[in-house]
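# Observations on the three-dimensional arrangement
Residues per chain are reported as follows:
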Amino acid sequence: MKKMLTVLLLSVVSAVLAACGGNEENTGGDKPKKLVVSTWGFADDFFQEEVYKPFEEEHNVEIVQEIGNNADRLNKVRIGNSDVDVIFLSDYYAQQGINDGLFEKVDRSKLTNVDKIYDAAKAPLGEEYGPAYTIAQFGIAYNPDEVEQEITGWKDLWNSELQDKITIPSITSTAGPMFLDAASKVSGSAEFNEDQAFAQMEKLMSNVVKEYSQTSEFVNMFSQGEIVAGPIMEMYFASIQEAVPNAKFVSPKEGGYAVMNTVNVVKGSDQKELAEEFINYMLSNEVQEKSAKNKIDSPVNTEVELTEEEAKGLTYGEDVIKSLNTLDMKFVNEQSKTWIDRWNRELIK
């Protein structure tokens, strides 16, 4: 009897040890890698389910998000208060990161999908750094029911009919320098002229109710009738049209502006190869098409084909992309402090 109990006990102990060993093998060898992605957090449900989840499953990785606006997220990386591997930023802020030496140089041989995207998106800030995974257009939204004259270009925002009826982006925002450049064009200068741009802005300020720093401010003012027009990124126009169905988005005759959202690998990442694989994935037909058809981001992958209805509200097509003005972000960042100081001194009364 004792012998039988001893055999039974040994069998149980062996089974427990085998189970423990098996669990250790499953959780240890197959433990997912972690990839920390710094992004804005909009359309989070879409990105979690349609973009991140397939990548996680294919590469045995857990994607952890760090959410916030451009400036706050970049600053966390700048002061070392972050373990981010991949960072999404508008080109204006990405250039600051490059200037501060915060990004790794990407291995272009790993980004095989770059050959499929618009030339403008391939290396907006130089071959050593990440591509733009989407390009948005900065143009004008207005309510045709509230104005007598149709708005077709930047110059129309200076119309006296719009006194106390428009908003403009803050000079510290991504779109601020673009609108300053538009003011220079309205002044008649073929090349950017700072003095003429500020003189033209001075003429406009009687039409401005207030500056906006966040798109939600624009949408609220527009929906409540505080403004009837203003410069805005096309990607946010759907929210405006929900509030005011008759609203129109205009690609100004002087040319809209390309707003490029870039993706880069943060210096010191211990997942550089995986991060580059993720960037390449963001440029793939699969991700670009899903994102476009869900009205999340405009595609830069030229192989993505959309119907007229699917393309509505998106910056889509090579002709559209080529028509957009672009700014030299290195120059913009070099001049930024001067422009902000001058804006506050001369235009804020």
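As shown above, the structure is provided for reference.
Residues numbered from 1 in each chain as written. Predicted model: local features only at pLDDT ≥ 70, side-chain atom pairs only at ≥ 80, totals over all residues. Heavy atoms only, no water.

### Quick look at the packing of aromatic side chains
For the coordinates displayed, the defined rule picks out 22 aromatic pairs. Arranged with centres 5.3 Å apart and planes meeting at 80°, the rings of F55 and F278 form a pair that is edge-to-face. Within this pair, whereas F55 is found in helix α2 (residues 44-59), its partner F278 is found in helix α10 (residues 272-282), the two being separated by 223 residues in sequence. Classification of F278 by relative accessible area gives buried; the value is 0%. Between W154 and Y257, the ring centres sit 6.0 Å apart and the planes meet at 55°, which makes this aromatic pair tilted. Of the two residues, W154 sits in the loop between β4 (132-142) and β5 (166-169) while Y257 sits in strand β9 (residues 257-265), which places them 103 residues apart along the sequence. A relative accessible area of 0% means that W154 is categorised as buried. Each member of the aromatic cluster is reached from another via a ring pair, and the members are W40, F42, F46, F47, Y52, F55, F88, Y133, F278 and Y281. When the ring centre of W40 is taken as reference, the NZ or CZ atom of R73 above it lies at 5.1 Å. (Phe/Tyr/Trp six-rings, centres within 6.5 Å; stacked < 30°, edge-to-face > 60°. Helix = DSSP H or I, 4+ residues; strand = E, 2+ residues; numbered from the N terminus. Buried < 20%, exposed > 50% of the residue type's maximum accessible area, 1.4 Å probe, protein only. Lys NZ or Arg CZ within 6 Å of the ring centre and 35° of its normal.)

### A few points about the nonpolar core
What tends to happen in soluble globular proteins is that the nonpolar side chains get buried as a cluster. One finds F138, L157, F179 and M201 to be the most contacted residues of the largest nonpolar core, which totals 65 residues. Examining the composition of this core, we find that six residues originate from one element, helix α6 (residues 176-186), more than from any other. Listed in part, the 37 residues of the second largest apolar core include V51, F88, A132 and L324. (Core = buried A, V, L, I, M, F, W, Y, C linked by side-chain atoms within 4.5 Å.)

### Concerning the packing of α2 against α10
Look at α2 against α10: their axes get within 12 Å of each other, and the N-to-C directions meet at 135°. For the element pair α2 / α10, the angle class is oblique. As α2 runs across α10, the sense of the crossing is right-handed. For the pair α2 and α10, the contacting residues are F47, E50, V51, Y52, P54, F55 and H59 in the first and L274, E277, F278, Y281 and M282 in the second. Among the residues forming the contact of α2 with α10, the class breakdown is nine nonpolar, one polar and two charged. (Axes fitted to C-alpha atoms, helices over the stretch in contact; angles between N-to-C directions. Parallel < 35°, antiparallel > 145°, perpendicular 65-115°, else oblique. Left-handed = near helix turned anticlockwise from the far one by under 90°. Contact = heavy atoms within 4.5 Å. Nonpolar A, V, L, I, M, F, W, Y, C, P; charged D, E, K, R; others polar.)

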